[in-house]
Amino acid sequence: MSHLLRGELIKTVTTRTVLGFAVGGIAFAVLNVLAVAVWSGTLDEVPEKAEALSALPILLLLWGLVGTAGEHRHRTAAPAALVARRDRGVVLAARIAAYALTGLLLGTLTTTVSVGLALPLLSDQPGPDLTSGDVGAVVAGNLTAFVLSAILGAALGALIRNPVLGVVVLLIVNFAVVPLLSDVWESGINLTPFGAAGILSRMTHNTTLSVAEAGWVLAAWTVAATLVAVIVERRRDLA
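Residues numbered from 1 in each chain as written. Predicted model: local features only at pLDDT ≥ 70, side-chain atom pairs only at ≥ 80, totals over all residues. Heavy atoms only, no water.

**Student:** Before we move on, could you go through the packing of helix α6 (residues 88-122) against helix α10 (residues 211-235) and cite the residues and values that matter?
**Tutor:** Two numbers describe how α6 lies on α10: the axes approach to 8 Å, and their chain directions differ by 140 degrees. The handedness of the crossing between α6 and α10 is right-handed. Between α6 and α10, the contacting residues are R88, G89, L92 and I96 on the first element and T226, A229, V230, E233, R234 and R235 on the second. Residue classes in the contact of α6 with α10 are distributed as four nonpolar, two polar and four charged. (Axes fitted to C-alpha atoms, helices over the stretch in contact; angles between N-to-C directions. Helix = DSSP H or I, 4+ residues; strand = E, 2+ residues; numbered from the N terminus. Left-handed = near helix turned anticlockwise from the far one by under 90°. Contact = heavy atoms within 4.5 Å. Nonpolar A, V, L, I, M, F, W, Y, C, P; charged D, E, K, R; others polar.)

If you want it as C-alpha coordinates, here you go:
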(Lines give C-alpha, C1' and ligand atoms only; values in the text may rest on other atoms or scores of the structure.)
Protein backbone atom coordinates (compact mmCIF):
# COMPACT_ATOMS: atom_id res chain seq x y z
CA MET A 1 0.00 0.00 0.00
CA SER A 2 2.88 2.36 0.78
CA HIS A 3 4.29 2.22 -2.73
CA LEU A 4 0.83 2.86 -4.17
CA LEU A 5 0.41 5.90 -1.95
CA ARG A 6 3.86 7.15 -2.84
CA GLY A 7 3.13 6.81 -6.54
CA GLU A 8 -0.20 8.60 -6.26
CA LEU A 9 1.39 11.38 -4.20
CA ILE A 10 3.98 11.93 -6.90
CA LYS A 11 1.20 12.35 -9.44
CA THR A 12 -0.76 14.81 -7.33
CA VAL A 13 2.15 17.11 -6.51
CA THR A 14 3.91 17.14 -9.90
CA THR A 15 1.06 18.40 -12.07
CA ARG A 16 0.32 21.99 -13.03
CA THR A 17 -3.19 21.51 -11.64
CA VAL A 18 -2.04 21.50 -8.04
CA LEU A 19 -0.03 24.67 -8.64
CA GLY A 20 -3.06 26.38 -10.14
CA PHE A 21 -5.26 25.48 -7.18
CA ALA A 22 -2.54 26.57 -4.74
CA VAL A 23 -2.34 29.98 -6.39
CA GLY A 24 -6.14 30.19 -6.50
CA GLY A 25 -6.40 29.29 -2.82
CA ILE A 26 -3.88 31.94 -1.82
CA ALA A 27 -5.61 34.55 -4.00
CA PHE A 28 -8.96 33.80 -2.39
CA ALA A 29 -7.43 33.90 1.08
CA VAL A 30 -6.04 37.37 0.44
CA LEU A 31 -9.30 38.57 -1.11
CA ASN A 32 -11.36 37.17 1.77
CA VAL A 33 -9.14 38.81 4.39
CA LEU A 34 -9.44 42.18 2.67
CA ALA A 35 -13.19 41.81 2.15
CA VAL A 36 -13.90 40.89 5.76
CA ALA A 37 -11.21 42.69 7.75
CA VAL A 38 -10.96 45.90 5.70
CA TRP A 39 -13.89 46.48 3.38
CA SER A 40 -16.81 45.16 5.46
CA GLY A 41 -16.65 47.91 8.10
CA THR A 42 -16.63 47.48 11.86
CA LEU A 43 -16.15 44.01 13.32
CA ASP A 44 -16.84 43.86 17.04
CA GLU A 45 -17.68 40.17 17.53
CA VAL A 46 -15.39 37.15 17.58
CA PRO A 47 -17.34 35.14 14.93
CA GLU A 48 -17.13 38.09 12.54
CA LYS A 49 -13.39 38.35 13.03
CA ALA A 50 -12.94 34.59 12.70
CA GLU A 51 -14.52 34.79 9.25
CA ALA A 52 -11.49 36.76 8.06
CA LEU A 53 -9.34 33.71 8.74
CA SER A 54 -11.54 31.32 6.78
CA ALA A 55 -10.65 29.53 3.56
CA LEU A 56 -12.59 28.19 0.57
CA PRO A 57 -12.93 24.40 0.89
CA ILE A 58 -14.86 24.10 -2.38
CA LEU A 59 -11.58 24.74 -4.21
CA LEU A 60 -10.22 21.49 -2.79
CA LEU A 61 -13.43 19.70 -3.66
CA LEU A 62 -13.02 20.87 -7.26
CA TRP A 63 -9.34 19.93 -7.23
CA GLY A 64 -9.97 16.39 -6.02
CA LEU A 65 -12.77 15.95 -8.55
CA VAL A 66 -10.76 17.26 -11.49
CA GLY A 67 -7.68 15.25 -10.59
CA THR A 68 -9.38 11.89 -10.05
CA ALA A 69 -11.76 12.24 -12.98
CA GLY A 70 -8.80 13.28 -15.11
CA GLU A 71 -7.26 9.86 -14.53
CA HIS A 72 -10.08 8.42 -16.64
CA ARG A 73 -10.11 11.23 -19.17
CA HIS A 74 -6.39 10.80 -19.86
CA ARG A 75 -6.67 7.00 -19.57
CA THR A 76 -4.08 6.64 -16.81
CA ALA A 77 -6.38 4.89 -14.33
CA ALA A 78 -6.31 1.51 -16.07
CA PRO A 79 -2.50 1.34 -16.51
CA ALA A 80 -2.05 2.36 -12.86
CA ALA A 81 -4.25 -0.53 -11.72
CA LEU A 82 -2.52 -3.01 -14.03
CA VAL A 83 0.98 -1.98 -12.99
CA ALA A 84 0.06 -2.05 -9.30
CA ARG A 85 -1.40 -5.57 -9.62
CA ARG A 86 -3.76 -4.75 -6.80
CA ASP A 87 -7.51 -4.57 -6.40
CA ARG A 88 -8.84 -1.51 -8.20
CA GLY A 89 -10.58 -0.41 -5.03
CA VAL A 90 -7.23 -0.45 -3.20
CA VAL A 91 -5.66 1.66 -5.94
CA LEU A 92 -8.50 4.17 -5.69
CA ALA A 93 -8.19 4.24 -1.89
CA ALA A 94 -4.48 5.07 -2.26
CA ARG A 95 -5.34 7.81 -4.77
CA ILE A 96 -7.92 9.33 -2.43
CA ALA A 97 -5.43 9.17 0.46
CA ALA A 98 -2.90 11.02 -1.67
CA TYR A 99 -5.42 13.78 -2.31
CA ALA A 100 -6.14 13.94 1.41
CA LEU A 101 -2.45 14.44 2.26
CA THR A 102 -1.91 16.97 -0.50
CA GLY A 103 -5.12 18.71 0.52
CA LEU A 104 -3.69 19.06 4.01
CA LEU A 105 -0.59 20.73 2.55
CA LEU A 106 -2.67 23.10 0.41
CA GLY A 107 -4.91 23.87 3.37
CA THR A 108 -1.90 24.62 5.55
CA LEU A 109 -0.46 26.95 2.92
CA THR A 110 -3.73 28.82 2.39
CA THR A 111 -4.57 29.05 6.09
CA THR A 112 -1.08 30.33 6.92
CA VAL A 113 -1.56 33.15 4.42
CA SER A 114 -5.01 34.07 5.71
CA VAL A 115 -4.00 34.01 9.39
CA GLY A 116 -0.74 35.89 8.80
CA LEU A 117 -2.49 38.63 6.85
CA ALA A 118 -5.72 38.86 8.85
CA LEU A 119 -4.43 39.11 12.43
CA PRO A 120 -2.56 42.42 11.98
CA LEU A 121 -5.54 43.94 10.15
CA LEU A 122 -8.00 42.76 12.80
CA SER A 123 -5.98 44.34 15.60
CA ASP A 124 -7.48 47.74 14.71
CA GLN A 125 -11.05 46.48 15.05
CA PRO A 126 -13.04 47.19 18.25
CA GLY A 127 -14.34 44.54 20.62
CA PRO A 128 -12.55 41.43 21.90
CA ASP A 129 -9.50 40.24 20.03
CA LEU A 130 -9.15 36.72 18.76
CA THR A 131 -7.37 34.61 21.36
CA SER A 132 -4.82 31.94 20.53
CA GLY A 133 -7.57 29.41 21.23
CA ASP A 134 -9.90 31.13 18.75
CA VAL A 135 -7.21 31.17 16.09
CA GLY A 136 -6.31 27.53 16.75
CA ALA A 137 -9.96 26.50 16.45
CA VAL A 138 -10.33 28.32 13.12
CA VAL A 139 -7.11 26.79 11.79
CA ALA A 140 -8.22 23.29 12.84
CA GLY A 141 -11.62 23.81 11.21
CA ASN A 142 -10.04 25.08 8.01
CA LEU A 143 -7.65 22.15 7.75
CA THR A 144 -10.38 19.63 8.50
CA ALA A 145 -12.64 21.19 5.87
CA PHE A 146 -9.82 21.17 3.32
CA VAL A 147 -8.92 17.52 3.88
CA LEU A 148 -12.51 16.28 3.88
CA SER A 149 -13.34 18.37 0.80
CA ALA A 150 -10.34 16.96 -1.07
CA ILE A 151 -11.39 13.41 -0.21
CA LEU A 152 -15.00 14.07 -1.16
CA GLY A 153 -13.95 15.62 -4.45
CA ALA A 154 -11.67 12.70 -5.27
CA ALA A 155 -14.47 10.23 -4.55
CA LEU A 156 -16.93 12.18 -6.72
CA GLY A 157 -14.35 12.36 -9.50
CA ALA A 158 -13.96 8.59 -9.44
CA LEU A 159 -17.74 8.21 -9.73
CA ILE A 160 -18.34 10.83 -12.45
CA ARG A 161 -15.10 10.14 -14.41
CA ASN A 162 -15.57 13.29 -16.50
CA PRO A 163 -13.86 16.40 -15.09
CA VAL A 164 -15.79 18.91 -17.19
CA LEU A 165 -19.17 17.37 -16.37
CA GLY A 166 -18.19 17.06 -12.72
CA VAL A 167 -17.18 20.71 -12.40
CA VAL A 168 -20.31 21.91 -14.17
CA VAL A 169 -22.57 19.81 -11.96
CA LEU A 170 -20.75 20.87 -8.82
CA LEU A 171 -20.98 24.57 -9.66
CA ILE A 172 -24.66 24.29 -10.55
CA VAL A 173 -25.40 22.56 -7.26
CA ASN A 174 -23.38 25.07 -5.25
CA PHE A 175 -24.61 28.26 -6.90
CA ALA A 176 -28.14 27.29 -7.99
CA VAL A 177 -29.53 24.26 -6.17
CA VAL A 178 -28.18 25.09 -2.70
CA PRO A 179 -29.46 28.71 -2.71
CA LEU A 180 -32.85 27.42 -3.88
CA LEU A 181 -32.84 24.93 -1.04
CA SER A 182 -32.04 27.71 1.42
CA ASP A 183 -35.14 29.61 0.24
CA VAL A 184 -37.36 26.58 0.79
CA TRP A 185 -35.66 25.07 3.85
CA GLU A 186 -33.12 27.48 5.31
CA SER A 187 -31.60 25.10 7.83
CA GLY A 188 -31.34 22.37 5.18
CA ILE A 189 -28.39 24.09 3.52
CA ASN A 190 -26.32 23.32 6.61
CA LEU A 191 -26.82 19.61 5.97
CA THR A 192 -25.21 19.81 2.53
CA PRO A 193 -21.44 19.37 2.11
CA PHE A 194 -21.19 23.00 0.99
CA GLY A 195 -23.04 24.38 3.99
CA ALA A 196 -21.22 22.15 6.46
CA ALA A 197 -17.82 23.05 4.99
CA GLY A 198 -18.69 26.75 5.24
CA ILE A 199 -19.55 26.43 8.92
CA LEU A 200 -16.48 24.31 9.63
CA SER A 201 -14.16 26.87 7.99
CA ARG A 202 -16.01 29.77 9.70
CA MET A 203 -17.17 31.30 6.42
CA THR A 204 -20.68 31.33 7.91
CA HIS A 205 -21.86 31.74 11.48
CA ASN A 206 -25.14 32.12 13.42
CA THR A 207 -26.34 28.81 11.95
CA THR A 208 -28.44 25.95 13.30
CA LEU A 209 -25.38 23.67 13.48
CA SER A 210 -22.36 24.01 15.71
CA VAL A 211 -18.88 23.74 14.23
CA ALA A 212 -18.50 20.22 15.62
CA GLU A 213 -21.86 19.13 14.19
CA ALA A 214 -20.92 20.59 10.81
CA GLY A 215 -17.73 18.57 10.92
CA TRP A 216 -19.68 15.37 11.49
CA VAL A 217 -22.05 16.23 8.63
CA LEU A 218 -19.19 16.82 6.19
CA ALA A 219 -17.43 13.68 7.42
CA ALA A 220 -20.59 11.63 6.86
CA TRP A 221 -20.91 12.84 3.27
CA THR A 222 -17.22 12.14 2.69
CA VAL A 223 -17.27 8.62 4.11
CA ALA A 224 -20.43 7.73 2.19
CA ALA A 225 -19.08 9.02 -1.12
CA THR A 226 -15.74 7.27 -0.60
CA LEU A 227 -17.33 3.90 0.17
CA VAL A 228 -19.61 4.14 -2.86
CA ALA A 229 -16.70 5.15 -5.10
CA VAL A 230 -14.55 2.21 -3.96
CA ILE A 231 -17.41 -0.28 -4.39
CA VAL A 232 -18.28 1.03 -7.86
CA GLU A 233 -14.61 1.09 -8.89
CA ARG A 234 -14.26 -2.60 -8.08
CA ARG A 235 -17.25 -3.55 -10.21
CA ARG A 236 -16.80 -1.63 -13.43
CA ASP A 237 -14.37 -1.65 -16.30
CA LEU A 238 -11.63 0.97 -16.11
CA ALA A 239 -11.07 1.17 -19.84
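**Student:** Please provide a residue-by-residue account of helix α7 (residues 132-160), values included.
**Tutor:** Here α7 spans 41 Å end to end across 29 residues, near enough to the 42 Å set by a 1.5 Å rise per residue. Positive backbone phi, approximately 65 degrees, marks R161, located one or two places after α7. (Expected span 1.5 Å × (residues − 1).)

**Student:** Lay out a nonpolar patch on the surface in plain terms, naming residues and giving numbers.
**Tutor:** Residues V164, V168, I172 and V177 make up a contiguous nonpolar surface patch of roughly 330 Å² in combined accessible area. Along the chain, the position of V177 falls in helix α8 (residues 163-184). (Patch = residues over 30% accessible without salt bridge, like charges linked within 9 Å, V, L, I, M, F, W, Y side chains within 5 Å. Areas by Shrake-Rupley, 256 points an atom, 1.4 Å probe, with all protein chains shown as cover. Salt bridge = Lys/Arg side-chain N within 4 Å of Asp/Glu carboxyl O.)

**Student:** Which residues make up the UniProt feature "transmembrane region" (unreviewed entry) in the protein, and what values do they have?
**Tutor:** The residues that UniProt annotates with the feature "transmembrane region" (unreviewed entry) are residues 21-40, 52-70, 90-115, 135-157, 164-182 and 214-232. Between the end C-alpha atoms of residues 135-157 the distance is 33 Å, and the span holds 100% helix and 0% strand. Overall, residues 164-182 shows 100% helix and 0% strand. The separation of its end C-alpha atoms is 26 Å. (UniProt positions renumbered as here; feature names shortened; annotations may be inferred.)

**Student:** Explain the nonpolar core to me, and be specific about the residues and the numbers.
**Tutor:** If you look at soluble globular proteins, the nonpolar side chains tend to sit buried side by side. Grouped together as the largest cluster of nonpolar side chains are 38 residues, with contacts concentrated most on L60, W63, L92, I96, L106, F194 and L218. Among the secondary structure elements, those contributing two or more residues to this core are α2 (16-39), α4 (57-73), α6, α7, α8, α9 (193-200) and α10. With residues up to four places along the chain from it excluded, the contact list for L218 reads A145, L148, S149, L152, P193, A196, A197 and L200. Grouped together as the second largest cluster of nonpolar side chains are 13 residues, A50, A52, L53 and L122 included. (Core = buried A, V, L, I, M, F, W, Y, C linked by side-chain atoms within 4.5 Å. Buried < 20%, exposed > 50% of the residue type's maximum accessible area, 1.4 Å probe, protein only.)

**Student:** Which residues make up unusual backbone geometry, and what values go with them?
**Tutor:** Even without a glycine there, the phi angle at R161 is positive, about 65 degrees. Although it is not a glycine, R202 sits at a positive phi angle of roughly 70 degrees. Assignment of secondary structure puts R202 in the loop between α9 and α10. Overall, the relative accessible area of 16% leaves R202 in the buried class.

**Student:** Tell me about the side chain of T111, and name the residues and values.
**Tutor:** Locating T111 in the fold gives a position in helix α6. Residue T111 is classed as buried on the basis of its relative accessible area, which comes to 3%. With sequence-adjacent residues up to four places away left out, T111 is seen in contact with V139, N142 and L143.

**Student:** Summarise the confidence of the model for the protein; cite the residues concerned and give the values.
**Tutor:** Confidence along the protein averages 84 in pLDDT terms, with 90% of residues attaining 70 or more. α7 holds the highest mean pLDDT among the elements of the protein, 92, whereas helix α5 (residues 77-84) holds the lowest, 52. (pLDDT = per-residue confidence, 0-100.)

**Student:** Before we move on, can you summarise the environment of L130 with the specific residues and values?
**Tutor:** Here L130 shows up in the loop between α6 and α7. Between the alpha carbons of L130 and E45 there is a distance of 9.3 Å; along the sequence they are 85 residues apart. If we skip the residues at most four places from it in the chain, L130 touches V46, K49, A50, L53, L119, L122 and V135.

**Student:** Report on the environment of L9, specifying residues and quantitative values.
**Tutor:** The residue L9 is located in helix α1 (residues 2-13) in this model. Given the relative accessible area of 23%, L9 is considered partly exposed. Along the chain, L9 and T102 lie 93 residues apart, while their C-alpha atoms are 7.5 Å from each other. Leave out the neighbours within four places in its chain, and L9 touches A98, L101 and T102.

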